[in-house]
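Here are the chains, one letter per residue:
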Amino acid sequence: MIHKDPIYITRPLLPNLQNVYKRLDEVWESKWLTNNGPQHNFLESELKQYLQVENLSLFNNGTSALLLGLRALNLTGEVITTPFTFPATVQALDWNNLTPVFCDIDPTTLTLDAAKIEPLITEKTSAILGVHTFGNPCNVEQIQLIANKYKLKVIYDGAHTFGTNYNNKPISEYGDMTMFSFHATKLFNTVEGGALSFNDGSLVERLNLLKNFGIANSEEVVLSGLNAKLNEIQSVIGLEVLKLVDTERQKRHEIKRVYEQNLSDIPGIKVLTRLQGESSSYQYFVIQIDEEKYGKSRDWLYEKLKEYNVFTRKYFYPLCSEFEWYDHLESARKENLPEAQKAVTQVLAMPYYGELQLESVEKICKVIRDCV
Ligand SMILES: *Cc1c(COP(=O)(O)O)cnc(C)c1O
């Protein structure tokens, strides 16, 4: 039953090499490698269509997209966010001199608990930064109501929600701004890359400046920016990977179905369920292990699966509120974040990628069932 070849948590979606060569020929011919080249612009327009968004700006990765997106909104003071996320979310705040105020999560979706946001708002609060964790949309309606009441901006880390719809609307229609990541491990990738979609079309100019050193023209540098541009080679990869995304989704749909079928009746194993009205992002397949009911802990199962050559991931782990540079924050204290504290010991991201054999999925589930 031990797998001969290791099964990893994910495998990148790799484009057809011959097609990549053809496009690279065009790039070599043009001698245009970066700075809004034709491949970049073509990818931008293809992605606008795919994601059904009006305003989209491409970046060299998701983190710099978020970092500069927050900068473009001129935020100050405190931003309410979740401790249960990837470090990039809160580090984008750090690099803008914004203070994260950690809010506990909803135990069902593992996203910001909207009911716990309001007590954390002070006169310094300028925004709410939610994360659509594992593709589960935040409670977007409730968050918007709170934001409207206190005149706060709403930004979403949508790194896990490429192409997700919620209530028949593209996920990026919620909030002022949504970040997407095109890292190799994400459903759609440009090796490294990212994007921002945003409601206020006038932001595009500012974002273009921010990702290119603030250079307005050959005579003027108008603000302090960064270098965060997506280059032509990354764009070529993206254009070819985009052709594969729908097929990849279908395969992952099937894998998800087999996982769900085989895990549904194991006591103490919970599959993170979808919300009503949500179309899955197919980014991750995550289970939660209730030690009392399952009989063994998440960490035990993680090690056990390794013995079977199956590599899962404690994701997210550790909580961002545990980073030592947040030691002084009242909101980072353990007792203020009970649900996040619980989730971080229970979640396990399972192997999930289109090429994963359904037979392997069944075997993995059998291990989970029989090993206790
Ligand atoms: C991947 C990821 C990021 C970072 O994106 P990069 O493109 O790797 O910079 C940020 N937030 C979340 C939730 C992620 O999963």
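From a predicted model like this one, the values you see are computed outputs, not experimental measurements. (Residues numbered from 1 in each chain as written. Predicted model: local features only at pLDDT ≥ 70, side-chain atom pairs only at ≥ 80, totals over all residues. Heavy atoms only, no water.)

Broken down by element type, the protein carries twelve helices and twelve strands. Counting only C-alpha atoms, the protein reaches 70 × 55 × 40 Å along its principal axes. Counting across all 372 residues of the protein, residues that qualify as buried make up 55%. A separation of at least 24 residues holds for 71% of the contacts in the protein among residues at least 6 apart in sequence. As presented, the protein carries roughly 17,100 Å² of accessible surface, and 49% of it is formed by carbon and sulfur atoms. The centroid of the 38 positive side-chain charges in the protein is displaced by 3 Å from the centroid of its 47 negative side-chain charges. (Helix = DSSP H or I, 4+ residues; strand = E, 2+ residues; numbered from the N terminus. Buried < 20%, exposed > 50% of the residue type's maximum accessible area, 1.4 Å probe, protein only. Contact = heavy atoms within 4.5 Å. Areas by Shrake-Rupley, 256 points an atom, 1.4 Å probe, with all protein chains shown as cover. Lys, Arg positive; Asp, Glu negative; His and termini not counted. Charge placed at Lys NZ, Arg CZ, Asp CG, Glu CD.)

Right, let's get into the pattern of salt bridges. All chains considered together, the criterion is met by 18 salt bridges. With its nearest N and O atoms 2.9 Å apart, the salt bridge here joins Glu240 to Lys243. Look at Glu240 and you get buried, because its relative accessible area is 3%. Linking Arg298 and Asp299 is a salt bridge whose minimum nitrogen-to-oxygen distance equals 2.6 Å. In this structure Arg298 comes out as buried when scored by relative accessible area, which is 2%. The network of salt bridges with shared partners includes Arg23, Glu240 and Lys243. (Salt bridge = Lys/Arg side-chain N within 4 Å of Asp/Glu carboxyl O.)

Turning next to the domain arrangement of the protein. What the domain assignment lists for the protein is domain 1 (17-242) and domain 2 (245-312 + 350-370). Taking the mean C-alpha position of each, domain 1 and domain 2 sit 28 Å from one another. Counting residues at the interface gives 25 residues for domain 1, matched by 21 residues for domain 2. Summing both partners gives a buried area of about 1,800 Å² for domain 1 against domain 2, and 51% of it is carried by carbon and sulfur. Together, Tyr50, Phe134 and Leu187 form the three largest contributors to the area buried by domain 1 at its contact with domain 2, with a combined 34%. On inspection of domain 1 and its partner domain 2, the count reaches zero salt bridges. Counting only elements with at least two residues in the side of domain 1 that touches domain 2, the list comes to β6 (165-166) and α7 (232-242). (Domains from an automatic or database assignment. Buried area = accessible area lost by both parts, 1.4 Å probe.)

Moving on to the environment of Ala114. Within the element layout of this structure, Ala114 appears in the loop between β3 (99-102) and β4 (125-131). Given a relative accessible area of 5%, Ala114 falls into the buried group. Taking the C-alpha atoms as reference, Ala114 lies 15 Å from Ser331; in sequence the two are 217 residues apart. When neighbours within four sequence positions are excluded, Ala114 is seen to be in contact with Asn139, Gln142, Ile143 and Ile146.

Next up on the list: the site of the ligand. Close to the ligand lie 15 residues; Thr63, Asp157, His160, Ser181 and Lys186 are nearest. Here an oxygen atom of the ligand sits 2.6 Å away from a polar atom, N or O, in the side chain of Thr63. Between the ligand and His160 there is a distance of 2.7 Å, counted from an oxygen atom to a side-chain nitrogen or oxygen. Coverage of the ligand by the protein chains reaches 94% of its 380 Å² of free accessible surface. Here the residues of the shell around the ligand sort into five nonpolar, eight polar and two charged. (Near = heavy atom within 4 Å. Polar contact = N/O pair within 3.5 Å; in protein donor to acceptor, adjacent residues only side chain to side chain. Nonpolar A, V, L, I, M, F, W, Y, C, P; charged D, E, K, R; others polar.)

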